[in-house]
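Fold and contact review
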Amino acid sequence: MYICVCNAIRDSELREAARGCPGDPDAVYEALGCRPQCGQCLDEAAEMLIEERAKASTEGLQTA
């Protein structure tokens, strides 16, 4: 599913970038080689970053 239509960013790409890039959605977009255009995706992108980082944190605790 596309999260950002302007930049053709899929949810899977955003989630993968969130695991490797700290920061807000703007930083993650930059890591993907683009920047937000219209901004309609930013709230959903921010939620996905929080979800993905929480998931990664939980997985890290389970393997420790």
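Going by the structure above, here's the rest.
Residues numbered from 1 in each chain as written. Predicted model: local features only at pLDDT ≥ 70, side-chain atom pairs only at ≥ 80, totals over all residues. Heavy atoms only, no water.

The next point concerns the overall build of the protein. Within the protein one finds 3 helices and 2 strands. Ordered by position from the N terminus, the helices and strands of the protein form the series β-β-α-α-α. Over its C-alpha trace the protein gives a radius of gyration of 12 Å, about what one expects of a compact globule, namely 11 Å for 64 residues. Its C-alpha atoms give the protein principal-axis dimensions of roughly 40 × 20 × 15 Å. Among the 64 residues that make up the protein, the fraction classed as buried is 25%. Sequence-distant contacts, at least 24 apart, represent 48% of the contacts inside the protein between residues at least 6 apart. Working note: accessible area of the protein is about 4300 Å², and carbon and sulfur atoms make up 49% of it. (Helix = DSSP H or I, 4+ residues; strand = E, 2+ residues; numbered from the N terminus. Rg over C-alpha atoms; globule rule 2.2 N^0.38 Å. Buried < 20%, exposed > 50% of the residue type's maximum accessible area, 1.4 Å probe, protein only. Contact = heavy atoms within 4.5 Å. Areas by Shrake-Rupley, 256 points an atom, 1.4 Å probe, with all protein chains shown as cover.)

This part covers the pattern of salt bridges. Applying the stated rule across the entire model yields 3 salt bridges. The partner of Glu-52 in a salt bridge is Arg-19, with the nearest N and O atoms 2.6 Å apart. Here Arg-19 lies in helix H1 (residues 11–20) and Glu-52 lies in helix H3 (residues 42–63), a separation of 33 residues in the sequence. Look at Glu-52 and you get buried, because its relative accessible area is 4%. Connected through salt bridges with shared partners, the residues Arg-15, Arg-19, Glu-51 and Glu-52 form a single ionic network. (Salt bridge = Lys/Arg side-chain N within 4 Å of Asp/Glu carboxyl O.)

Time to look at the nonpolar core. Within the largest apolar cluster, 14 residues are counted, with the highest numbers of intra-cluster contacts made by Ile-3, Ile-9, Leu-14, Val-28 and Tyr-29. Contributing elements (two or more residues each) for this core: strand E1 (2–4), H1, helix H2 (25–31) and H3. Apart from the residues within four sequence positions on either side, Ile-9 is in contact with Met-1, Tyr-2, Ile-3, Cys-4, Leu-14, Tyr-29, Leu-32 and Cys-34. (Core = buried A, V, L, I, M, F, W, Y, C linked by side-chain atoms within 4.5 Å.)

As a further point, take the environment of Glu-47. Secondary-structure assignment places Glu-47 in helix H3. Classification of Glu-47 by relative accessible area gives exposed; the value is 52%. Along the sequence, Glu-47 and Pro-25 sit 22 residues apart, while their C-alpha atoms lie 9.5 Å from each other.

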